[in-house]
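# Understanding the architecture of this molecule
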Amino acid sequence: MANQLADRLDDSPRGPAEQYARDGFLFLDSLFDEEEVAAMRAAVPVATAERGEHVVFEVGTDTVRSVYGIHARDGAFAELARHPRLAATAATLLGADVYVYQSKLNTKAVFGGDVWPWHQDYVYWRNEDGMPSPRVVTVAVFLDDVTDVNGPMSLIPGSHRRGVMEHDSYAGHPTGYEDRPLWIANLVAQLKYTIRKDAFVREATQAGIVTPKGRAGSALFFHGNAAHASPHNLSPLPRTLALFTYNAVDNAPPAERLHRPAFLASRDTSAVVPGDDDAFRRGRTG
Ligand code: 6CS
Ligand code: FE
């Protein structure tokens, strides 16, 4: 009896899956080592030199904010998207076979990396792509050290259990992007859907705010309904993240709802087959 009582009183999570279920995110410090990160980082300048609709710039500048669809082209990021430490972990957290719904590099550039206001991701995938449910998880792989001053992501623990929170939204083009398609409003600092101030204050006052920081190679898994944000980069150091969104294969949006480009909502819903764990070791491809 005593043990059962102790167990009930001790609400500390048993393992990673329980921690994710409780908090809506899971931070794995130094999931990849320096050698592996160096191999991933080598692919960053190639990606940020790309030009096209999949590359988003900070408003009014030629500073790259994001490069989308990085998993869909052969190379290091395709390898990283199917890395077992990411894809198998995502499948475990969702309890389902998963496919890569979206991928991107968020550069948070020095002296120009703009904010991501408080938002939930799933509201975009539900409203813009018709995703049926929030059985979706994103992992941010730190390709640079993440510190207090280079624009770390913050989250509200447990906010994923609130469902889609109250949001403010706007129609039309964000200022400075009038010549872009309307989906640009989902991707820039002037975000189309942001958590309403009273809902944010209520949740953040009750649950607090956490800001996972760590060495390059760390990984932050977060639920599609986890409220999150990130500030400007105030440091002389970049804060490049490679983000992969894994959706449950049986949670794919109906094809007829998919109007945004494939680099925002993949049409390939085939389950990810995890690759080699040593894919980023010296002498390997990747
Ligand atoms: O609309 C989207 O797909 C993107 N927008 C935001 C604000 N986060 C998720 C995703 O990258
Ligand atoms: Fe987001």
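Further up the page is the structure itself.
Residues numbered from 1 in each chain as written. Chains lettered and ligands numbered in written order. Predicted model: local features only at pLDDT ≥ 70, side-chain atom pairs only at ≥ 80, totals over all residues. Heavy atoms only, no water.

### With respect to the overall build of the chain
The helix and strand tally for the chain stands at eight helices and 12 strands. The globule rule puts the C-alpha radius of gyration for 286 residues at 19 Å, and the 18 Å found for the chain is close to it. If one aligns the C-alpha atoms of the chain with their principal axes, the spans along those axes are about 65 × 50 × 45 Å. Of all 286 residues assigned to the chain, the portion counted as buried reaches 53%. Taking contacts inside the chain between residues at least 6 apart in sequence as the whole, the part at least 24 apart equals 83%. When the accessible surface of the chain is summed, it comes to about 12,600 Å², and 55% of that surface belongs to carbon and sulfur atoms. (Helix = DSSP H or I, 4+ residues; strand = E, 2+ residues; numbered from the N terminus. Rg over C-alpha atoms; globule rule 2.2 N^0.38 Å. Buried < 20%, exposed > 50% of the residue type's maximum accessible area, 1.4 Å probe, protein only. Contact = heavy atoms within 4.5 Å. Areas by Shrake-Rupley, 256 points an atom, 1.4 Å probe, with all protein chains shown as cover.)

### Here's the deal with the coordination of the iron ion (ligand 2)
Distances from the iron ion (ligand 2) to its protein donors, namely His 119 (NE2), Asp 121 (OD) and His 228 (NE2), fall within the range 2.1 to 2.2 Å. In terms of primary sequence, the donors binding the iron ion (ligand 2) are separated according to H-x1-D-x106-H. Placement of His 119 in strand β5 (residues 116-119) and of His 228 in strand β11 (residues 228-230) is noted, with a sequence separation of 109 residues between them. Accessibility classification places His 119 together with His 228 in one group, the buried group. (Donors = N, O, S within 2.8 Å, 3.2 Å for Na, K, Ca; no water.)

### A look at the sheet that holds β5
Taken in spatial order, the three strands of this open sheet run β5-β11-β7, and their pairing is antiparallel. Every interior strand has two partners, whereas the edge strands, β5 and β7 (154-155), have only one. Pairing of β7 with β11 involves two bridges; the strand directions are antiparallel. Across the sheet, residue Ser 154 finds its bridge partner in β11, namely Ala 229. (Pairing = 2+ DSSP bridges.)

### As for the site of ligand 1
By nearness alone, every residue bordering ligand 1 is listed as Gln 102, Lys 104, Trp 116, His 119, Asp 121, Tyr 124, Trp 125, Asn 186, Leu 187, Leu 191 and Arg 260. Interatomic distance of 2.6 Å between a side-chain N/O atom of Gln 102 and an oxygen atom of ligand 1. Here Arg 260 contributes a side-chain N or O atom positioned 2.9 Å from an oxygen atom of ligand 1. For ligand 1, whose free accessible area comes to 300 Å², the fraction covered by protein is 98%. Applying the majority rule of atoms within 2 Å of the grid points places ligand 1 in the largest cavity. Split by residue class, the shell around ligand 1 holds five nonpolar, three polar and three charged. (Near = heavy atom within 4 Å. Polar contact = N/O pair within 3.5 Å; in protein donor to acceptor, adjacent residues only side chain to side chain. 1 Å grid on protein atoms, 1.4 Å probe; cavity = no way out; pocket = protein on both sides within 12 Å on 5 of 7 lines; lining within 4 Å. Sits in = over half its atoms within 2 Å of the grid points. Nonpolar A, V, L, I, M, F, W, Y, C, P; charged D, E, K, R; others polar.)

### Observations regarding the pattern of salt bridges
Enumeration over the complete set of coordinates arrives at 19 salt bridges. Its salt-bridge partner being Glu 36, residue Arg 281 comes within 3.5 Å of it at the nearest N-O pair. Placement of Arg 281 in the segment after β12 (241-248) and of Glu 36 in helix α3 (residues 34-41) is noted, with a sequence separation of 245 residues between them. The class for Arg 281 is partly exposed, based on a relative accessible area of 30%. For Glu 36, a relative accessible area of 1% gives the class buried. Of the charged contacts in the structure, one is a salt bridge between Arg 215 and Asp 145, with a shortest N-O distance of 3.3 Å. With Arg 215 in the loop between α8 (197-207) and β10 (219-223) and Asp 145 in the loop between β6 (136-142) and β7, this residue pair connects regions lying 70 residues apart in the sequence. Here the residues in one salt-bridge network are Asp 33, Glu 35, Glu 36, Arg 85, Asp 277 and Arg 281, joined through shared partners. (Salt bridge = Lys/Arg side-chain N within 4 Å of Asp/Glu carboxyl O.)

Everything listed is a geometric property; what it means functionally is a separate question.
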